[in-house]
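# Observations on chain architecture
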Amino acid sequence: MNMINSLISGLSLGSVYSIIALGYTMVYGISKMLNFAHGDIIMVGSYISFCLTTYVGMPGWAALIGAVAVCTVLGIVIERLAYRPLRGTGSLSVLITAIGVSYFLQNMALLVWGANPRVFKSLFKGLEPIRLAEGQIIITAESFFTIIVCVVIMVGLTLFVHKSKAGKAMRAVSEDNGAAQLMGINVNQSISLTFAIGSGLAAVAGVLMCSAYPVLMPTTGAMPGIKAFTAAVLGGIGSIPGAMVGGLILGTIEIFSRAYISTELSDAIVFACLVIVLLVKPTGLFGKKISEKV
Amino acid sequence: MGTVLTVDNINVYYGAIHAIKGISFEVNKGEIVTLIGANGAGKSTTLHTVSGLLRSKTGDIKFLGKSIAKTPAHKIVAKGISHVPEGRRVFQEMTVRENLEMGAFITKADKVKPNVEYVYEQFPRLKERKSQIAGTLSGGEQQMLAMGRALMSNPQLLMLDEPSMGLAPILVDQIFEIIRNLNKSGTTILLVEQNANMALSIADRAYVIETGRITLSGSGEELAKSEKVRKAYLGG
């Protein structure tokens, strides 16, 4: 029974990683950059949601929508101001800029909200956990809804990129930016849209994560950001199904290591799994072979 | 016969490399015009500049009398220019049908279906493979797909970059037959080729590009006979 409880919390944590990893992988796919500020968008989203419930008195769901809206705009603005001017200048300068944006967001948060940890009020406060098998299996409302939301996002996003015109345009730009322009696709718009979606999802992930682990600090987004990045690489960066599966695997491994091996070592075990996967399959689980075009 | 495309004194640089050194030429309505020249002479660069993927530092490019030299690349196709890039560059992970839809990105929704039918008519092979992932097609099929994709926007000017590259001779014949048919049905064609023999055989007019400059021009026939062209590009 313990196994099953661990599996459920693993999938729940993994769902959060998946949602964050989607942002990493989509942005990488379309603009071939690693947006290391992505984790900090999670933190901003959580703070916005926290403020809206605590100071404005909004209900949790409305605060979530507010957080998504703010982060969507924030994602677009960051891309426009920090990354777009550097497009085509080589990946190192973009990478360094992304790290800079990350520190900028953390320090802005420090300035605005202070260093003291805030206690985040769960979005699902007051909801009873689900008890199965005579109370031996307990599914908290947080776990339950996190997994549901993750499934909805996965299905929705998959439909979006495969069925909608804007989604197909995003795939086209990801694959061949130049050819996409020849089709009449506005690459800037596609990239903005990708940042918007990724950042909006990060806000959702932040609120879900802080509902389950309610301590909110300016560095809250850093570790889940790195883990989700790991998940995206594990699944094959650039691949949407890869991010989903990578996140779920990573979350499950983390919880099982905590429960059965060692809490202290759980992070090390998670990253060791990444190393092993990359040794065996360097492109990640769902990654494509990258062949240089001549 | 009106002029469709006028390229007037363009200079294009890759960083410090001066790739196009003052090229001017024009394409008239209903013509097949070809740019021939060796690898690296600047043929593809010229097409990329017309498409807006590269910019000229000088001069002007006019399409149907209006300057497009500053038009962003993604707005060129809506003006009526379709570019089939070198190496086909179909979207490898999309199906044949999705590739055609991408070609119709700016086409009005009610014209997409008839255009798909038209492309399938021109390239029956694509119809057979419509649900197949483009990356699994053969080279010839990918070339057909790239051309079909470019036709989806009802272009007035079709620019083809090395359509014969890497294809078996029989396929090259097929592709050129299709180009001639497209031209007969009213599409003006600007063709870039290393296969000068083939290109000159169907071209109304031709320009020879050498290291970023046009060194020779004339009708396809004239150039095919020219001593210089025969020596340099037609193997004696």
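Basis of the calculations
- Residues numbered from 1 in each chain as written.
- Chains lettered and ligands numbered in written order.
- Predicted model: local features only at pLDDT ≥ 70, side-chain atom pairs only at ≥ 80, totals over all residues.
- Heavy atoms only, no water.
- Phe/Tyr/Trp six-rings, centres within 6.5 Å; stacked < 30°, edge-to-face > 60°.
- Helix = DSSP H or I, 4+ residues; strand = E, 2+ residues; numbered from the N terminus.
- Buried < 20%, exposed > 50% of the residue type's maximum accessible area, 1.4 Å probe, protein only.
- Lys NZ or Arg CZ within 6 Å of the ring centre and 35° of its normal.
- Pairing = 2+ DSSP bridges.
- Expected span 1.5 Å × (residues − 1).
- Arc of directions from axis to C-beta.
- Contact = heavy atoms within 4.5 Å.
- Polar contact = N/O pair within 3.5 Å; in protein donor to acceptor, adjacent residues only side chain to side chain.
- pLDDT = per-residue confidence, 0-100.
- Patch = residues over 30% accessible without salt bridge, like charges linked within 9 Å, V, L, I, M, F, W, Y side chains within 5 Å.
- Areas by Shrake-Rupley, 256 points an atom, 1.4 Å probe, with all protein chains shown as cover.
- Salt bridge = Lys/Arg side-chain N within 4 Å of Asp/Glu carboxyl O.
- Axes fitted to C-alpha atoms, helices over the stretch in contact; angles between N-to-C directions.
- Left-handed = near helix turned anticlockwise from the far one by under 90°.
- Nonpolar A, V, L, I, M, F, W, Y, C, P; charged D, E, K, R; others polar.
- Buried area = accessible area lost by both parts, 1.4 Å probe.

Once that is clear, we can look at the packing of aromatic side chains. Counted by the stated rule, this structure contains ten aromatic pairs over all chains. Between F144 of chain A and F145 of chain A, the aromatic rings sit 5.3 Å apart at their centres with planes inclined by 80°, giving edge-to-face as the arrangement. Look at F256 of chain A and Y260 of chain A: their rings are 5.7 Å apart centre to centre, the planes differ by 25°, and that puts the pair in the stacked class. Taken together, the positions of F256 of chain A and Y260 of chain A, both in helix α10 (residues 240-261) and four residues apart, correspond to about one turn of that helix. Taking the relative accessible area as the measure of exposure, Y260 of chain A reaches 44% and is therefore partly exposed. Among the aromatic residues, those joined into a cluster by ring pairs are Y24, F36 and F229 of chain A. Between the NZ or CZ atom of K165 of chain A and the centre of the ring of F105 of chain B, over which it lies, the distance is 4.8 Å.

Okay, the sheet that holds strand β4 (residues 60-63) of chain B next. All names here are of chain B. Strand order across the open sheet formed by four strands is β2-β1-β4-β5, with antiparallel pairing between neighbours. Edge positions in the open sheet fall to β2 (17-28) and β5 (66-67), since each of these has one partner strand only. Summarising the sheet, strand β1 (residues 3-14) and β4 pair through four bridges and their orientation is antiparallel. Looking at the pairing, L5 lines up with F63 of β4.

Turning to helix α7 (residues 169-184) of chain B, a few remarks are in order. Residue and element names in this part refer to chain B. Here α7 spans 23 Å end to end across 16 residues, near enough to the 22 Å set by a 1.5 Å rise per residue. Residues of α7 that are buried include every one of V172, I175, F176, I178, I179, L182 and N183, and no others. Projected onto a plane normal to the axis of α7, the buried residues spread over an arc of 155° and lie on a single side. With respect to the buried face of α7, the exposed residues turned more than 90 degrees away are I170 and K184. Looking at the packing, one finds that the buried side of α7 touches β3 (32-36), α4 (109-122), α6 (139-151), β7 (157-161), β8 (188-193) and α8 (196-202). G186 sits one or two residues past α7 and shows a positive phi near 110°.

To continue, consider the side chain of N186 of chain A. Positionally, N186 of chain A belongs in the loop between α7 (177-182) and α8 (187-212). Engagement of the side chain of N186 of chain A in a polar contact is seen with the side chain of H74 of chain B, the distance being 3.3 Å.

On to the confidence of the model for chain B, then. Looking at chain B as a whole, the pLDDT averages 93, with 99% of positions reaching at least 70. At the level of chain-chain contacts, confidence expressed as ipTM amounts to 0.92, with global pTM at 0.90.

Bringing a nonpolar patch on the surface into the picture now. Residues and elements named next belong to chain A. Taken together, the side chains of M1, M3, I4, Y260 and I261 present a nonpolar region at the surface, about 520 Å² in accessible area. Looking at the nonpolar patch, the elements that each hand over two or more residues are α1 (2-31) and α10. Checked against the element boundaries, M3 lands in helix α1.

So, on to α4 of chain B. Residues and elements named next belong to chain B. Between its first and last C-alpha, α4 extends 21 Å over 14 residues, near the 20 Å set by a 1.5 Å rise per residue. Looking only at α4, the buried set comprises V112, N115, V116, V119 and Y120. Axial view of α4: buried residues confined to an arc of 140°, hence all on one face. Residues of α4 that are exposed and point over 90 degrees away from its buried face: D110, K113 and E121.

This part covers the pattern of salt bridges. Across all of its chains, the model carries 15 salt bridges over all chains by this definition. As a salt-bridge pair, R87 of chain A and E79 of chain A come within 2.7 Å of each other at their nearest N and O atoms. With relative accessibility at 33%, the residue R87 of chain A sits in the partly exposed group. Linking E210 of chain B and K228 of chain B is a salt bridge whose minimum nitrogen-to-oxygen distance equals 3.5 Å. Of the two residues, E210 of chain B sits in strand β9 (residues 205-210) while K228 of chain B sits in helix α10 (residues 227-233), which places them 18 residues apart along the sequence.

Let's shift gears to the packing of α1 of chain A against helix α5 (residues 141-163) of chain A. Residues and elements named next belong to chain A. Contact geometry of α1 with α5 gives a least axis separation of 8 Å together with a crossing angle of 35°. Seen along the crossing, α1 lies across α5 with a hand that is left-handed. Here I8, L11, S12, S15, V16, S18, I19, L22 and M26 of α1 come into contact with α5, specifically with S143, T146, I147, C150, I153, M154 and L157. Class assignment for the residues of the contact of α1 with α5 results in eleven nonpolar, five polar and no charged.

The subject of this paragraph is the environment of L234 of chain A. Residues and elements named next belong to chain A. You can see L234 is positioned in helix α9 (residues 222-235). A relative accessible area of 3% places L234 in the buried class. Along the chain, L234 and E142 lie 92 residues apart, while their C-alpha atoms are 25 Å from each other. Residues contacting L234, with those up to four places away along its chain left out, are G246, I249, L250, C273, L274, V277, G284 and L285.

What follows concerns the interface of chain B and chain A. Across the boundary between the two partners, chain B contributes 20 residues, which contact 18 residues of chain A. Counting the surface lost from both chain B and chain A, the interface buries some 1,900 Å², and carbon and sulfur atoms represent 61% of this. At the junction of chain B and chain A, the tally comes to three salt bridges. Among the ionic pairs, E98 of chain B bridges to R171 of chain A, the shortest N-O distance being 3.3 Å.

Residues and elements named next belong to chain B. One open sheet holds the six strands; their spatial order is β6-β7-β8-β3-β9-β10, and the pairing between them is mixed. At either margin of the open sheet sits one strand with a lone partner, and together these are β6 (81-84) and β10 (213-219). When strand polarity is set aside, the average angle formed by the axes of neighbouring strands in this sheet is 15°. Judged from the six bridges that link them, β9 and β10 form a sheet pairing that is antiparallel. Across the sheet, the residue bridging to V208 is L216, located in β10. Each of β6 and β7 is contacted by α6, which is oriented at about 170° to β6, the strand it contacts most. α7 rests against β3, β7 and β8 of the sheet, and its axis sits at about 155° to β8.

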